[in-house]
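Chain and residue survey
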Amino acid sequence: MHLRDIAQLCVSPAVAVPPRLEVEDRRFEDYLMPLAEWTSSPPRIALVGVPQDIGVARNGGRRGAAAAPAAIRAALGKLAASIGEVILSPEVSICDCGLVRTDGLPLEEIHQRQEYIVGRLLDVGANVLVLGGGHDTALPNGRALGKRVERLGIVNVDAHLDVRILTDDGSHSGSPFRELIEDAACPLEVLIEFGTQRFSASAHHVRYVREHGYIVWMLDDIRRCSLEVALADVELRLAECDGIMLSLDVDALASAYAPGVSAPAGDGFQPAEVAAIIERIASMPQCRLVDIVEVNPSVDADERTVRLAAYFAALTMWTFAHRRDDASSPIHFRPASDDH
Amino acid sequence: MHLRDIAQLCVSPAVAVPPRLEVEDRRFEDYLMPLAEWTSSPPRIALVGVPQDIGVARNGGRRGAAAAPAAIRAALGKLAASIGEVILSPEVSICDCGLVRTDGLPLEEIHQRQEYIVGRLLDVGANVLVLGGGHDTALPNGRALGKRVERLGIVNVDAHLDVRILTDDGSHSGSPFRELIEDAACPLEVLIEFGTQRFSASAHHVRYVREHGYIVWMLDDIRRCSLEVALADVELRLAECDGIMLSLDVDALASAYAPGVSAPAGDGFQPAEVAAIIERIASMPQCRLVDIVEVNPSVDADERTVRLAAYFAALTMWTFAHRRDDASSPIHFRPASDDH
Amino acid sequence: MHLRDIAQLCVSPAVAVPPRLEVEDRRFEDYLMPLAEWTSSPPRIALVGVPQDIGVARNGGRRGAAAAPAAIRAALGKLAASIGEVILSPEVSICDCGLVRTDGLPLEEIHQRQEYIVGRLLDVGANVLVLGGGHDTALPNGRALGKRVERLGIVNVDAHLDVRILTDDGSHSGSPFRELIEDAACPLEVLIEFGTQRFSASAHHVRYVREHGYIVWMLDDIRRCSLEVALADVELRLAECDGIMLSLDVDALASAYAPGVSAPAGDGFQPAEVAAIIERIASMPQCRLVDIVEVNPSVDADERTVRLAAYFAALTMWTFAHRRDDASSPIHFRPASDDH
């Protein structure tokens, strides 16, 4: 199979599937085909987990996000694969790449490995969902997509901006968007920081983002204008991009809903608002990459955040699966020779 | 007293009442008259707890709901018996039947006992509030009311549909509405599943409910139309019923507000929305039965869910107490001979 | 320095300041000047903590609020001192008085000490933010401001009314507003109970407040009218006051957002609503005093409530700092000779 090179870099943890009373009661588990068993045509959707929190530690945060991908994956498998009377089509089997092997590797090597895997999946035409990991997960994601398009658009749903300077150790969970902004090889046409909270982002950093020509939508302004209006603005700004990535830092939600994160925020989005954001962005045909990051099961409350992340993962896949990616799609990949 | 037969089937746990500074500071405790002391005319409102979670275990859920009725009852007693300047009338003493004796009984026998007790209370004219227990609590409730009316209406406020098939052991917490639908003796005219969540209900089950002529109001659709519009639709559909039951599964709320449930959902109703539902449905004169189920104190956070359930219980009683159940009420009981 | 007398009554706990990558990344810590180092002109803003929960214990509540001021102060220091591109002006250094020395003192003596300190700070022109402590913290606050104005206005944001009668021990966390109402020396022109919840306040107490000519805005009524309309009413009622105090009991929020309080309420305000209240009231030039009370770190969930209180503290200071307190201000202090 043409994805064998990826299979060697990943491991598929055993997932305990509880017995089901009714065979018609289809769950996401039924659609998550392990990479090793993948024999059909290139996947339309691919799922990858990146279990590491080195970047969180470098950023002075509390570790634990490395356990998120396996936990979210387990919760995802149990969700019903339907909305109302509509069931996910049996044709939409999803390539479950499992978890990237990260044991003992330095962060930079993990990032390279992740970028390679995500790039390969994009090349075969998959829409990719990456489960982090700290927010530095977004760096190799942005690079992988950036190498394959001419005008990259990124929406970062986050209480923070994550444009800090590097530490002496290098990249960390608070720096990915600075690195993408300053990466000359990355055609970052549009960056929209969405949901930035007052007293959680330095004026210094807000100015940095705006002076580079990018957008900061503060949470207060989103509320003042309404989420609907803000999303219409986001969609308009992304229209000319030929590759879009949505990065969802779960600390964008109020910590009541998502307590299990590295840096909880008392105020923030509600689950239905984040769902509306996912549906809006992931339904744009140029959206090829979504990551869900910063879930930290070790500080979670009864898996509340893990379950919510699984719900967002399910909604992302559902949106990918129901999108009409037809020939008129504006996506035209550049060759990404350095990636192979 | 004419309810002596019920008294033998129930036990009233001792409730510790904290001392109060001011006698005018009336609490619900002052209105909850133990069944053993009940000497007045038939109660207008009766409270019954059913401490069992056998059905939850059969459904593969985590046990703990058996402790809910006593915990909710204790929290309820401490609530002020007033809204603003309006105090609950001293005439509205509530018959507190305590907890149904369930120790060592198989689930089927508990269900029969509960159905008998609830039926007796309905027969003497009481509006009944049942504290569960797993959601199978709704099965004997529906049967008790169904035997006494010609057109039964049920509103199930729930993230799930609870129309699964039976296990080898029989009834469980995920099957009550299937059993009521398929019970030829139950005149289930209207069933409204209210707040069903995407990825939490199988398409298969949604179709099952609709094919039997019943209604599924998905949470997303309620939000799209507004709760107000959805409730107006519910009220219209229930108008012709001569007996209405409201079943409130507390997992219909976002788990931030109600973490102590068997199967928490990250998204869901907010407390004020559930309060609006209770006020709307329980104020219909045909509404004779409300149950509050699936609270699980063993996984609760600082009694958050228990207190919220107590608030919903107080609001239900308040609504019952302020309802004008006059002679023009369309309730005409059928004889329910098999129940005596 | 002219505030030396206060310095002797307070202690400044050592605050661990984490190292920062970028010097331009200004935090509130940079603005909180310890009282001992205060050498400039009178402070525009002063911060005082009152670590005691004796009044909570007297009210039958669970102790723990004594630890709140230090915890909130630590969380506050880490917050970014900016909203969007606007950074707090370097001229707005805030006098951080630390914590009032309360060890071993009876409650009445703590109250006197607090009233003296707050009064002194008001006299030198500071806008004062007090971190409690139980809600009896509001009693010396109200007295201190009341002695200095002719028409005192108080807004109490709270699930409860806190107008209970005294216990045999005297003042407690449930009685401050009764004591202020009945204090002939306190020119309490306007008292607005804001966010009172049904089943959490006795009709008896609601009537008590109203019969004394004061206002109860129930949470339900606020929702019915909209927060915007209710706040416009509050602002209008306060217009003629020459001194305004905002008392924020964090149990006014739904316990999902603020679990760490003495008496949690399942329903209640959301964080953004409380932020709107703070911005509206604290931006009135007559508003000289804000207290944030009833945070209880010992029952908190991962510092959720402490962080939220820190956010409200930051917003209060921000609002004070950006307010135009010009000569046309209607504040004309009376001499408060008994206080010196």
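This is a predicted model, so every value here is computed, not measured.

The helix and strand inventory of chain A stands at 11 helices and 12 strands. Against the globule reference of 20 Å for 340 residues, chain A gives a C-alpha radius of gyration of 18 Å, in line with a compact fold. In terms of overall dimensions, chain A has C-alpha extents of about 55 × 45 × 45 Å along its principal axes. Burial status across chain A gives 64% buried among its 340 residues.

With that settled, consider unusual backbone geometry. Cis geometry is adopted by the peptide bond preceding Gly133 of chain A, which originates at Gly132 of chain A and carries an omega value of 10°. Inspection of the secondary structure assignment puts Gly133 of chain A in the loop between strand 7 (127-131) and helix 5 (138-146). Although it is not a glycine, Ser226 of chain C adopts a positive phi angle of roughly 90°. When you line up the elements, Ser226 of chain C lands in the loop between helix 8 (219-225) and helix 9 (227-238). Of note, Asp302 of chain C is a non-glycine position whose phi angle comes to about 50°, a positive value. In this structure, Asp302 of chain C sits in the loop between strand 12 (287-293) and helix 11 (304-321).

So, on to the packing of aromatic side chains. Per the stated rule, a full pass over the model turns up 21 aromatic pairs over all chains. The structure contains a cluster of three or more aromatic residues connected by ring pairs, namely Phe28, Tyr311, Phe312 and Trp318 of chain A together with Phe199 of chain B. Sitting over the ring of Tyr31 of chain B, Arg26 of chain B keeps its end group 5.2 Å from the ring centre. One residue, Arg178 of chain C, lies across the ring of Tyr208 of chain C, its end atom 4.1 Å from the ring centre.

We now examine the nonpolar core. Counting residues in hydrophobic clusters, the biggest one holds 209 residues, and the most contacted among them are Phe194 of chain A, Phe194 of chain B together with Phe194 of chain C. For Phe194 of chain A, the residues in contact, after removing those within four places along its chain, are Val155, Asn156, Val157, Asp158, Trp217, Ile222, Leu227, Ala230, Leu231, Val234, Phe269 and Ile277 of chain A.

Residues and elements named next belong to chain B. Positionally, His135 belongs in the loop between strand 7 (127-131) and helix 5 (138-146). Polar side-chain contacts of His135 include one of 3.3 Å to the side chain of Asn156. One polar contact links His135 to Asp249, side chain to side chain, over a distance of 3.1 Å. Excluding anything up to four places from it in sequence, His135 contacts Asn156, Asp158, Asp162, Ser173, Pro176, Phe177, Ser247, Asp249, Val293 and Glu294.

The subject of this paragraph is helix 11 (residues 304-321) of chain B. Between the first and last C-alpha of helix 11 of chain B there are 26 Å, a value that for 18 residues agrees with the 26 Å anticipated at 1.5 Å per step. Of all 18 residues in helix 11 of chain B, 17 are buried, a share of seventy percent or more.

Here we take up the interface of chain A and chain C. Counting residues at the interface gives 30 residues for chain A and 30 residues for chain C. Of all residues in chain A, Arg198, Phe199 and His204 of chain A bury the most surface against chain C, accounting for 32% of the area lost on that side. Residue Glu85 of chain C pairs with Arg210 of chain A through a salt bridge whose shortest N-O separation is 3.0 Å. Put simply, chain A and chain C have 14 residue pairs in polar contact (both at pLDDT 80 or more) between them. Among the elements that take part in the side of chain A that touches chain C, helix 7 (residues 203-211) of chain A stands out by supplying 6 residues, more than any other. Partitioned by chemical class, the residues of the side of chain A that touches chain C number 12 nonpolar, 9 polar and 9 charged.

This brings us to the interface of chain A and chain B. Listed as interface residues are 30 residues of chain A and, on the opposing side, 31 residues of chain B. Overall, the association of chain A and chain B removes approximately 2,500 Å² of surface from exposure, summing both partners, and the carbon and sulfur fraction of that is 53%. Residue Glu279 of chain A is joined to Arg198 of chain B by a salt bridge in which the shortest nitrogen-to-oxygen separation is 3.1 Å. Between the two partners, chain A and chain B, sit 14 residue pairs in polar contact (both at pLDDT 80 or more). Looking at the side of chain A that touches chain B element by element, the count peaks at 7 residues for helix 11 (residues 304-321) of chain A. For the side of chain A that touches chain B, the per-class residue count stands at 17 nonpolar, 3 polar and 10 charged.

Moving on, we get to the pattern of salt bridges. A complete count under the given rule lists 75 salt bridges over all chains for this structure. Between Arg73 of chain C and Glu29 of chain C there is a salt bridge, with the nearest N and O atoms lying 3.0 Å from each other. Here Glu29 of chain C lies in the loop between strand 1 (10-11) and strand 2 (32-34) and Arg73 of chain C lies in helix 3 (residues 68-78), a separation of 44 residues in the sequence. In terms of burial, Arg73 of chain C and Glu29 of chain C fall into one category: buried. Sharing partners across several salt bridges, the network here consists of Arg20, Arg26 and Asp30 of chain A.

Further remarks concern the state of the cysteines. All names here are of chain A. Counted under the stated rule, the structure contains 0 disulfides over all chains. In this structure Cys186 is not part of a disulfide, and its nearest cysteine sulfur, from Cys241, lies 11 Å away. A residue is classified by how much of its surface remains accessible, and Cys186, at 9% relative accessible area, is buried.

Next up on the list: the relation of the copies chain A and chain C. The transform that puts chain A on chain C rotates by 120° and translates by 0.0 Å along the axis, for an RMSD of 0.0 Å. Both copies of the chain, as the preceding transformation shows, are related through a three-fold rotation axis. Within chain A, the C-alpha atom positioned nearest to the axis of rotation is that of Ala256 of chain A, 3.1 Å from it. Different-surface contact between copies: only 13% of interface residues of chain A are shared with the interface of chain C.

This paragraph deals with empty space enclosed by the protein. One pass over the full model with this rule turns up 5 cavities of 30 Å³ or more. Considered as a void within the structure, the largest cavity measures approximately 60 Å³ in volume. As for the largest cavity, its lining consists of Ala301, Asp302, Arg304 and Arg307 of chain A together with Ser255, Pro259, Pro264, Ala265 and Gly266 of chain B. The residue makeup of the lining of the largest cavity, split by class, is 4 nonpolar, 2 polar and 3 charged.

Let us look at the pairing of strand 8 (residues 152-157) of chain B. Residues and elements named next belong to chain B. Taken across its 6 residues, strand 8 has 6 buried, putting it largely inside the fold. Burial along strand 8 is two-sided: the residues Leu152, Ile154 and Asn156 and Gly153, Val155 and Val157 are all buried. Pairing between strand 8 and strand 11 (residues 243-249): 6 bridges, direction parallel. Residue pairing in the sheet places Val155 in a bridge with Leu246 of strand 11. When strand 8 meets strand 9 (residues 188-196), the two strands line up parallel, connected through 6 bridges. In the strand pairing of strand 9, Leu152 is matched with Leu188.

On to the packing of helix 10 (residues 271-282) of chain A against helix 11 of chain A. Residue and element names in this part refer to chain A. Two elements in contact, helix 10 and helix 11, have axes separated by 9 Å at closest approach and are oriented at 25°. As far as their axial angle goes, helix 11 and helix 10 are roughly parallel. Considering the relative orientation of helix 10 and helix 11, their crossing is right-handed. The residues of helix 11 that touch helix 10, namely those facing Pro271, Val274, Ala275, Ile278, Glu279 and Ala282, are Leu308, Tyr311, Phe312, Leu315, Thr316, Thr319 and Phe320.

Let us look at the side chain of Gln286 of chain C. All names here are of chain C. Checked against the element boundaries, Gln286 lands in the loop between helix 10 (271-282) and strand 12. A relative accessible area of 4% places Gln286 in the buried class. Polar side-chain contacts of Gln286 include one of 3.1 Å to the backbone oxygen of Cys241.

Moving on, we get to the confidence of the model for chain A. This prediction gives chain A a mean pLDDT of 94; 95% of its residues lie at or above 70. The ipTM for the predicted assembly is 0.94, set against a pTM of 0.95.

This part takes up the environment of Ala46 of chain C. Residue and element names in this part refer to chain C. Positionally, Ala46 belongs in strand 3 (residues 45-49). We classify Ala46 as buried; its relative accessible area is 0%. Not counting residues within four places of it along the chain, the set of residues in contact with Ala46 comprises Cys95, Cys97, Leu121, Ala126, Asn127, Val128 and Leu129.

Conventions adopted
Residues numbered from 1 in each chain as written. Chains lettered and ligands numbered in written order. Predicted model: local features only at pLDDT ≥ 70, side-chain atom pairs only at ≥ 80, totals over all residues. Heavy atoms only, no water. Helix = DSSP H or I, 4+ residues; strand = E, 2+ residues; numbered from the N terminus. Rg over C-alpha atoms; globule rule 2.2 N^0.38 Å. Buried < 20%, exposed > 50% of the residue type's maximum accessible area, 1.4 Å probe, protein only. Phe/Tyr/Trp six-rings, centres within 6.5 Å; stacked < 30°, edge-to-face > 60°. Lys NZ or Arg CZ within 6 Å of the ring centre and 35° of its normal. Core = buried A, V, L, I, M, F, W, Y, C linked by side-chain atoms within 4.5 Å. Contact = heavy atoms within 4.5 Å. Polar contact = N/O pair within 3.5 Å; in protein donor to acceptor, adjacent residues only side chain to side chain. Expected span 1.5 Å × (residues − 1). Buried area = accessible area lost by both parts, 1.4 Å probe. Salt bridge = Lys/Arg side-chain N within 4 Å of Asp/Glu carboxyl O. Nonpolar A, V, L, I, M, F, W, Y, C, P; charged D, E, K, R; others polar. Disulfide = S-S within 2.5 Å. Least-squares fit on C-alpha atoms with pLDDT ≥ 70 in both. 1 Å grid on protein atoms, 1.4 Å probe; cavity = no way out; pocket = protein on both sides within 12 Å on 5 of 7 lines; lining within 4 Å. Points joined across faces, edges and corners; volume = space filled by probe spheres on them. Pairing = 2+ DSSP bridges. Axes fitted to C-alpha atoms, helices over the stretch in contact; angles between N-to-C directions. Parallel < 35°, antiparallel > 145°, perpendicular 65-115°, else oblique. Left-handed = near helix turned anticlockwise from the far one by under 90°. pLDDT = per-residue confidence, 0-100.

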